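Breakdown of the fold
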Amino acid sequence: MSVTVTRDLRTGRPVWLDRRLPAIATNELKRNIACDALVVGAGISGAIISEGLSDAGLKTVIVDRRGSVQGSTPASTALLQYEIDTPLSVLSERIGLNRAERLWRRSRLAVDALRERTRALGIRADEATCDSLYLSGNVLDASSLEREADARRRAGLEVSFLKPVAVQEQYGVKNRAAIIGRDNYMADPRLLAAGYLNAAIKRGAKLYAPVEVTAVEPTRTGVTVATQDGSEISCKSLVFATGYEMLKGIPKKGNKIISTWVIATRPQPRKIWPTGCMIWEASDPYMYIRTTPQGHVICGGEDAEISDADERDALNAAKTARLVDKLGKLLPMIDATAHYSWSGSFGDSATGTPTVGPIPHMPNCYAAMGYGGNGITFSMMAAQMLRGMITDVGDPDSDLVSFSRKF
C-alpha cells in the first residue's frame, strides 16, 4: 500500500498536451540503490527541487508512481505570479503585518528566481514576462483595492492603482477598478517541468518510474524507503513533492483539496486585449485569465470545495459553460468558445500559502506542499528553502511556511 494518497487528479484535455515533450531519461528500479537526496514526485515541484539539490552537489534520485510530468502539472494554467491569493491587506490582519509582508516579498523573489534560473539553464518553455491586472470584486471593492495597493507599496512592491475609467480605456474591461502588478511570468508547465528534470539528469540525477513508495523508515542518520517491487532506496534526506497526493497522516495545517475548472479558446492573436496581461479578480471564487504565445486565451476558476473526482467531473459541462459566459462578458473583444476544457484537483489553504519543511516526528524527511493559487511560484520557493535546509545553510523565511507555524 502506498504511503501517499492516490487521487484522480484531472479530467479533460489541457491545451498543453498539443506540444510534444522532449525525451526525459527514465530508468527501471531493479535493485537497491543509495543517494544523498531522494525526491518523491516528478511533476513541476519535484523537477525544480531536484534541479536545485543536484546543483548543490547532492547525488539525487527522483521517483514517481506514474512517470514524469503525468500528474497534476498538465492541469496547471501556469500563471506564475508573486501576488498571493490572500490580499496583503487581508493576510496582515490574519498573521500580522511583518509576516504577511515577508511572505509577499518572498513570493516576489521566487518569481524572479524562477525566471532567472530558467534562463540560466537555457530552458525553452514558451515562457514570457507580463504584467497582471487585478480587478475589484466581491472580496475587495474599488476603495478596498486602493488600500491594498497602498499596502503593497509599503511592502516595497511597485504597483499602480487604476480607476474604472482608466481600466476601460487601457484594457477594455468595464466598470472595474484594478491594480497593475509588474513583471510576473508565465510558461507551458509541462515544458517547464521537463526542462528542470532534464537539467537535473544532465547533472547526474537519476529518474526512476513507475515506482510506488510503500514504506518509509526515518532515522537520525538517514531514511530507508521501500518500494512496491521490493527494492529499497537509502538516502540521507527524503523530500515529498507529490502535490495533492500527500503523505498519509501528515499534518494538514489548514490545507485541503478542492476542484477547479479551465477552458482555452482557439488561437486568436489579433483579438488579444492590450498588453496581453494576466487578469484575475479580487473575488471568491475568482476567475483567472492568461494568453499563450500562439494566441489562445486560457480562463480558469469556478473553484468549489469538492475533493471527489466523480463529483468534480459531474460539473464539467456546467462549469465550462459558466466560464465561457463569464469570459465573454468580461472580454467581449475575443471569441470565448471553449476549444479545450479540463478540470482538476487543486490544493487550497486557509491563508493561500504553502507548507514547506521538515515533517514532524520524521527526521531527515521534508515536504513541499504547494497549496494555494501560486503553485509553481511556491515550487521555486520550496526548492530554495529545501536546498538551504538539506545543505545546512538554512533559509531566513522558512519559519513562514513551516509545519510549526501557528497559522
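Structure report, in brief.

Rules used throughout
- Residues numbered from 1 in each chain as written.
- Predicted model: local features only at pLDDT ≥ 70, side-chain atom pairs only at ≥ 80, totals over all residues.
- Heavy atoms only, no water.
- Helix = DSSP H or I, 4+ residues; strand = E, 2+ residues; numbered from the N terminus.
- Rg over C-alpha atoms; globule rule 2.2 N^0.38 Å.
- Buried < 20%, exposed > 50% of the residue type's maximum accessible area, 1.4 Å probe, protein only.
- Contact = heavy atoms within 4.5 Å.
- Areas by Shrake-Rupley, 256 points an atom, 1.4 Å probe, with all protein chains shown as cover.
- Lys, Arg positive; Asp, Glu negative; His and termini not counted.
- Charge placed at Lys NZ, Arg CZ, Asp CG, Glu CD.
- Core = buried A, V, L, I, M, F, W, Y, C linked by side-chain atoms within 4.5 Å.
- Phe/Tyr/Trp six-rings, centres within 6.5 Å; stacked < 30°, edge-to-face > 60°.
- 1 Å grid on protein atoms, 1.4 Å probe; cavity = no way out; pocket = protein on both sides within 12 Å on 5 of 7 lines; lining within 4 Å.
- Points joined across faces, edges and corners; volume = space filled by probe spheres on them.
- Nonpolar A, V, L, I, M, F, W, Y, C, P; charged D, E, K, R; others polar.
- Salt bridge = Lys/Arg side-chain N within 4 Å of Asp/Glu carboxyl O.
- Expected span 1.5 Å × (residues − 1).
- Axes fitted to C-alpha atoms, helices over the stretch in contact; angles between N-to-C directions.
- Parallel < 35°, antiparallel > 145°, perpendicular 65-115°, else oblique.
- Left-handed = near helix turned anticlockwise from the far one by under 90°.

Tallying secondary structure elements over the protein gives nine helices and 18 strands in all. Taking 2.2 N^0.38 as the reference for a compact globule, 407 residues should give roughly 22 Å; the C-alpha atoms of the protein span a radius of gyration of 21 Å, in line with that estimate. With the C-alpha coordinates aligned to their principal axes, the bounding extent of the protein is approximately 65 × 45 × 40 Å. Among the 407 residues that make up the protein, the fraction classed as buried is 59%. Pairs at least 24 apart in sequence give 77% of the contacts found in the protein among residues at least 6 apart. Carbon together with sulfur atoms contributes 48% to the accessible area of the protein, which is approximately 16,400 Å² in total. Computing the positive centroid from 50 side-chain charges and the negative centroid from 45, the protein places the two 3 Å apart.

On to the nonpolar core. Counting 84 residues, the largest nonpolar core has Ile-49, Leu-192 and Trp-342 as the members making the most contacts within it. It is helix α9 (residues 375-390) that provides the largest number of residues to this core, a total of 10 residues. By size, the runner-up hydrophobic cluster in this structure holds 33 residues, among which are Val-213, Leu-238, Ile-257 and Cys-365.

For the structure shown, the criterion picks out five aromatic pairs. An angle of 65° between the planes, with centres 6.4 Å apart, marks the rings of Tyr-244 and Phe-346 as edge-to-face. Here Tyr-244 is found in the loop between β11 (232-240) and β12 (256-264), whereas its partner Phe-346 is found in strand β16 (residues 340-348), with 102 residues between them in sequence. Here Tyr-244 falls in the buried class, since its relative accessible area comes to 12%. On the basis of relative accessibility, which here comes to 17%, the residue Phe-346 falls in the buried class.

So, about the environment of Met-333. The residue Met-333 is located in the loop between α8 (316-330) and β16 in this model. Overall, Met-333 belongs to the partly exposed group, its relative accessible area being 31%. The spatial distance from the C-alpha of Met-333 to the C-alpha of Tyr-171 is 11 Å, given a sequence separation of 162 residues. Those residues within four positions of Met-333 in sequence are excluded, and the remaining contacts are Tyr-171, Gly-172, Lys-271 and Trp-273.

As a further point, take the layout of surface pockets. For the largest pocket, the calculated volume is near 510 Å³. In this structure, the largest pocket is lined by 25 residues; those nearest its centre are Asp-85, Ser-283, Asp-284, Tyr-286 and Asp-348. Those elements that provide at least two residues to the lining of the largest pocket are α2 (88-95), β12, β13 (278-281), β15 (297-304) and β16. Estimates place the volume of the second largest pocket at around 240 Å³. Residue composition of the lining of the second largest pocket, grouped by class: eight nonpolar, two polar and four charged.

The next thing to look at is the pattern of salt bridges. Counted by the stated rule, this structure contains 33 salt bridges. The residue Asp-399 makes a salt bridge to Arg-99 at a minimum N-O spacing of 3.2 Å. Residue Asp-399 is found in the segment after α9, and its partner Arg-99 is found in helix α3 (residues 97-120); the two are separated by 300 residues along the sequence. For Asp-399, a relative accessible area of 31% puts it in the partly exposed group. Ionic pairing is found between Arg-153 and Asp-150, a salt bridge with its closest N-O pair at 2.8 Å. With Arg-153 and Asp-150 both in helix α4 (residues 142-154) and three residues apart, this pair spans about one turn of that helix. A relative accessible area of 38% means that Arg-153 is categorised as partly exposed.

With that out of the way, let us pick up unusual backbone geometry. With an omega dihedral of -5°, the bond running from Ala-209 to Pro-210 counts as a cis peptide bond. In this structure, Pro-210 sits in the loop between β8 (206-208) and β9 (213-218). The omega angle of the peptide bond from Asp-284 to Pro-285 is -5°, so this bond is cis rather than trans. Counting through the fold element by element, Pro-285 comes out in the loop between β13 and β14 (288-291). Located in the positive-phi region is Val-69, a residue other than glycine, with phi close to 55°. Tracing the backbone shows Val-69 in the loop between β3 (60-63) and β4 (79-80). Within the chain, Asn-175 stands out as a residue other than glycine whose phi angle is a positive 60°. Assignment of secondary structure puts Asn-175 in the loop between α5 (164-171) and β7 (178-186).

Below, the discussion takes up helix α1 (residues 44-55). Given 3.6 residues per helical turn, the α-helix brings residues three or four places apart onto the same face. Spanning 12 residues, α1 covers 17 Å between terminal C-alpha atoms, matching the ideal 16 Å at 1.5 Å per step. Looking one or two residues beyond α1, the residue adopting positive phi is Gly-57, at roughly 95°.

Turning our attention to the packing of α1 against helix α6 (residues 189-202). Between two packed helices, the angle of one axis relative to the other and the distance separating the axes together describe the packing. Put simply, α1 and α6 touch, their axes get as near as 8 Å, and they point 25° apart. Considering the angle they form, α1 stands roughly parallel to α6. Relative to α6, α1 is oriented so that their crossing is left-handed. Contacts from Ile-44, Ala-47, Ile-48, Ser-50, Glu-51 and Ser-54 in α1 reach Pro-189, Leu-192, Ala-193, Tyr-196, Leu-197, Ala-199 and Ala-200 in α6. When the residues that make up the contact of α1 with α6 are grouped by side-chain class, the tally is 10 nonpolar, two polar and one charged.

With that settled, the discussion passes to the environment of Leu-133. Here Leu-133 lies in strand β5 (residues 128-135). Once the C-alpha coordinates of Leu-133 and Leu-145 are considered, the two residues, 12 residues apart in sequence, prove to be 12 Å apart. Setting aside its immediate chain neighbours within four residues, Leu-133 contacts Tyr-171, Ala-178, Ile-179, Ile-180, Cys-277, Met-278, Ile-279 and Trp-280.

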